[in-house]
Amino acid sequence: MELTKPLPPQDDDIEALRTGLTKFNESFTGAVFREKISSFVKDDSGKIVGGILGEINWNWMYIQGLWIDESVRNDGWGLKLLSQMEEYALSKTTTNIRLETTTFQALGFYVKAGYSVFGELANMPDGHTCYFLQKQLGI
């Protein structure tokens with residue numbers, strides 16, 4: 001047996017870890033539907049000016065990130081992307097969504113969109129607060 005030093009992992013090492021975790025978790029939960037999803041806003045030339053990344057796992061959607069370029073930031077694209085992901089979640093019988101944001105990002109945007117804060121982490125990053133939010137769809 002050998003304990004390796006902390007180093008950037010190789011792809012096959014990450015896959016071995018994921019496979020082991022999935023096997024362990026599913027021994028308790030049964031097989032779980034998983035899906036990575038995304039949607040993008042593209043300008044007339046096809047350049048990405050916004051997008052959202054998410055993943056469905058354990059009947060929850062986790063929004064990993066939402067970004068809108070400043071040139072189109074106040075045109076409603078963020079809400080359109082978020083709403084589209086919520087509709088997609090519902091189409092997969094997923095009624096819960098979670099995400100994270102920080103003090104310099106979009107807390108007010110998410111609260112206005114119906115998300116509620118369920119936790120905070122101070123100094124993440126230094127001098128800022130990370131907020132954990134959730135929304136239950138269809139209620």
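Heads up: the structure comes first, above all this text.
Below: a short report on this structure.

## A look at the pairing of strand 2 (residues 48–57)
Phase 1 of the analysis: Pairing between strand 1 (residues 34–42) and strand 2: nine bridges, direction antiparallel. For Arg 34, the partnering residue across the bridge sits in strand 2 and is Asn 57.
Phase 2 of the analysis: Relative to strand 3 (residues 60–68), strand 2 runs antiparallel, the two being bridged by eight bridges. Across the sheet, the residue bridging to Ile 56 is Met 61, located in strand 3.
Phase 3 of the analysis: Counting the residues that bridge the hairpin from strand 2 to strand 3 gives two residues, and of these Trp 58 lies at a positive phi of roughly 55 degrees.

## Some remarks on the side chain of Lys 135
Phase 1 of the analysis: By the element assignment, Lys 135 lies in strand 6 (residues 129–136).
Phase 2 of the analysis: Separated by 3.2 Å, the side chains of Lys 135 and Glu 86 make a polar contact.
Phase 3 of the analysis: Lys 135 has contacts with Glu 86, Thr 95, Asn 96, Ile 97, Ala 113, Gly 114 and Tyr 115, leaving out every residue within four places of it along the chain.

## Here we look at the pattern of salt bridges
Phase 1 of the analysis: For the structure on display, the rule yields two salt bridges.
Phase 2 of the analysis: Across the salt bridge formed by Arg 34 and Glu 26, the nearest N and O atoms sit 2.9 Å from each other.
Phase 3 of the analysis: Among the residues examined, Arg 34 registers a relative accessible area of 31% and is labelled partly exposed.
Phase 4 of the analysis: Between Glu 86 and Lys 135 there is a salt bridge; the shortest N-O distance is 3.2 Å. One end of the pair, Glu 86, is in helix 2 (residues 77–91); the other, Lys 135, is in strand 6, with 49 residues separating them in the sequence.

## Points about helix 1 (residues 11–29)
Each turn of an α-helix holds 3.6 residues, which means side chains three or four residues apart point in the same direction.
Phase 1 of the analysis: For helix 1, which comprises 19 residues, the first-to-last C-alpha distance of 26 Å matches the rise-based estimate of 27 Å (1.5 Å per residue) to within 8%.
Phase 2 of the analysis: In the segment just after helix 1, Gly 30 is the residue with positive phi, at about 80 degrees.

## Things to note about the pairing of strand 3
Phase 1 of the analysis: Bridging between strand 3 and strand 4 (residues 96–102) involves four bridges; their strand directions are parallel. Counterpart to Tyr 62 in the pairing with strand 4 is Arg 98.
Phase 2 of the analysis: In the classification by handedness, the crossover that spans strand 3, the intervening helix 2 and the parallel strand 4 is right-handed.

Conventions used here
Every chain begins its residue count from 1, and numbering advances along the sequence as written. This being a predicted model, a pLDDT of at least 70 is required before a residue's local features are given, and a value of 80 or more before pairs of side-chain atoms are given or counted; all residues contribute to the totals for chains, interfaces and linings. Side-chain descriptors were evaluated using all non-hydrogen atoms of the structure, hydrogens and water having been removed beforehand. Should DSSP find at least two bridges between two strands, the strands are regarded as paired. Numbered from the N terminus, helices here are DSSP runs of H or I no shorter than four residues, and strands are runs of E no shorter than two. Any pair of nitrogen or oxygen atoms within 3.5 Å is treated as a polar contact; in protein, a donor-acceptor pairing is required on top of that, and neighbouring residues in sequence qualify only through side-chain atoms on both sides. Contacts are assigned to residue pairs with any non-hydrogen atoms lying within 4.5 Å of each other. We define a salt bridge as a side-chain nitrogen of Lys or Arg found within 4 Å of a carboxyl oxygen belonging to Asp or Glu. Buried residues are those whose accessible area, probed at 1.4 Å on protein chains only, stays under 20% of the maximum for their type, while exposed residues exceed 50% and partly exposed ones sit between those limits. Multiplying 1.5 Å by the residue count of a helix minus one yields the expected span of that helix. A clockwise course of the path from the first strand over the helix to the second, judged with the strands pointing away from the viewer, identifies a crossover as right-handed.

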